[in-house]
Amino acid sequence: MIDLRSDTVTQPSDMMREAMCCAPVGDDVYGEDPTVNRMQEIAAALLGKTAALYVPSGIMANQLSIRAQTQPGDEVIIESSAHIVLYEHGAAAALAGAQLHGITGDRGILEPEQVEAAIQPKDPYHPRTSLICLENTHNSGGGSIYPLAKIERTRSIAQAHGIAMHLDGARLFNAVVATGIPAAEYARHFDTVSFCLSKGLGAPVGSLIVTNDGPIIEQLRRSRRMYGGGMRQAGILAAAGIYALERNIPRLKEDHDNARRLAELLNKVATVSVDVNHVETNIVIFDVVGSSRSASEIVDALRKHGVLLNAVGKTTFRAVTHLGVDAQEIEQAGQILFQVLS
Ligand SMILES: *Cc1c(COP(=O)(O)O)cnc(C)c1O
């Protein structure tokens, strides 16, 4: 099977497993797991911050960040197809009592002026805008990279209004590798940044939140336990995270090359509509036009021929490249897609 459903399907390599089995561990709720502590230090340094917190999932990382930077009833400005809006079961409302104020961007990217226009006036009638969340790369936007200049302008608007900023950087390192812009250069503009170890970086479990020492990290630590995310000998997992951070970042370029190649192959299929130039990182969004088959029938047909991918709309599909799929398999997938979709 060539599994292009998501970069979450990656398997830990033998060397990563070896690193896990000999990791020194302790009770991380007491702050005594040396491997977790080391991973948090590496992550903070990599993003130019002074503190980091290991959490079980990307959703928990986002939700703790929202919780730590809002009061119940506050508004969070966010792009309307963000992961936090579409795929987190309304957690910002359910757990933090925050109201998401969604505005629609271009492939997930908001103009700073749009953000500014969405900030509520400070008067007795409107909710308080206390947080702006951006997503880089943008998942529903097709792996689009958030331009640094737009982030900088959004940050100065936020600062002028005393509003905090969170980055859902689940795939931040894809943006880093594609642009050559250091992670710290992105992170500088945010109060909290989350990123996933268990996607393209290839670790089995976990995400990190990075921030600076102070009240936010204290609040994040307390809420992590409240949300049930305090783990004990988590160093077994953190060892995989360290391995991923030290070895698996530069190779994301292969995934980007593979995604682009896949888009080129898809572009040769008469029934497929795809914009090759929109493939900036490891996600390919494409449409199958004029087919009598439903999206789920197409997904099933592809599965029978050995390719797994997801439908994300009635005629829209998403393929994600990752370390479990090599260049040769992409050629193979291209042939199968041609066969099944022609
Ligand atoms: C995958 C993802 C997350 C977090 O997902 P988990 O499954 O909870 O790890 C958050 N944001 C974006 C943009 C994602 O793609």
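Because the structure is predicted, anything quoted here is derived from the model rather than measured. (Residues numbered from 1 in each chain as written. Predicted model: local features only at pLDDT ≥ 70, side-chain atom pairs only at ≥ 80, totals over all residues. Heavy atoms only, no water.)

Observations concerning the sheet that holds strand 12 (residues 310–311)
Here is the rule: Any two strands with at least two DSSP bridges between them are considered paired. Each helix is a run of H or I in the DSSP string that is no shorter than four residues. Each strand is a run of E no shorter than two, and both are numbered from the N terminus. We call two residues in contact whenever any of their non-hydrogen atoms come within 4.5 Å of each other. As a rule, the C-alpha atoms of each element are fitted with a line to give its axis, helices using only the stretch in contact, and angles between N-to-C directions run from 0 to 180 degrees.
Overall, antiparallel pairing links the four strands, which are arranged 9-10-13-12 in an open sheet. Every interior strand has two partners, whereas the edge strands, strand 9 (272–273) and strand 12, have only one. As paired elements, strand 9 and strand 10 (residues 283–288) share two bridges and run antiparallel to each other. Bridged to Val272 within strand 10 is Val288. Packing of helix 12 (residues 252–267) onto the sheet brings it into contact with strand 9, strand 10 and strand 13 (316–320), and relative to strand 10 it is tilted by some 15°. Sheet contacts for helix 13 (residues 295–304): strand 10, strand 12 and strand 13; angle to strand 13, the most-contacted strand, approximately 35°.

A look at the domain arrangement of the protein
Note the following rule: All the domain ranges listed were derived from an automatic or database domain assignment. In short, buried area is how much 1.4 Å probe accessible area vanishes from two parts on joining, totalled over both. Basic side-chain nitrogens of Lys or Arg form a salt bridge, by our definition, when they fall within 4 Å of a carboxyl oxygen of Asp or Glu. What qualifies as a polar contact is a pair of N or O atoms within 3.5 Å, subject to a donor-acceptor requirement within protein and to the restriction that residues adjacent in sequence count only when both atoms come from side chains. Under the grouping applied here, Gly and all other residues not named as nonpolar or charged are polar, the nonpolar ones being Ala, Val, Leu, Ile, Met, Phe, Trp, Tyr, Cys and Pro and the charged ones Asp, Glu, Lys and Arg.
The domains assigned to the protein are domain 1 (10–247) and domain 2 (251–341). Between the C-alpha centres of domain 1 and domain 2 the distance comes to 28 Å. Each partner contributes residues to the interface: domain 1 has 18 residues there, and domain 2 has 13 residues. Summing both partners gives a buried area of about 1400 Å² for domain 1 against domain 2, and 57% of it is carried by carbon and sulfur. Contact with domain 2 buries surface across domain 1, with Arg107, Gly142 and Asn174 losing the most and accounting together for 32% of the total. Across the contact surface, domain 1 and domain 2 share one salt bridge. Its salt-bridge partner being Glu280, residue Arg107 comes within 3.2 Å of it at the nearest N-O pair. Along the contact surface separating domain 1 from domain 2 lie six residue pairs in polar contact (both at pLDDT 80 or more). Looking at the side of domain 1 that touches domain 2 residue by residue, the class counts come to five nonpolar, 11 polar and two charged.

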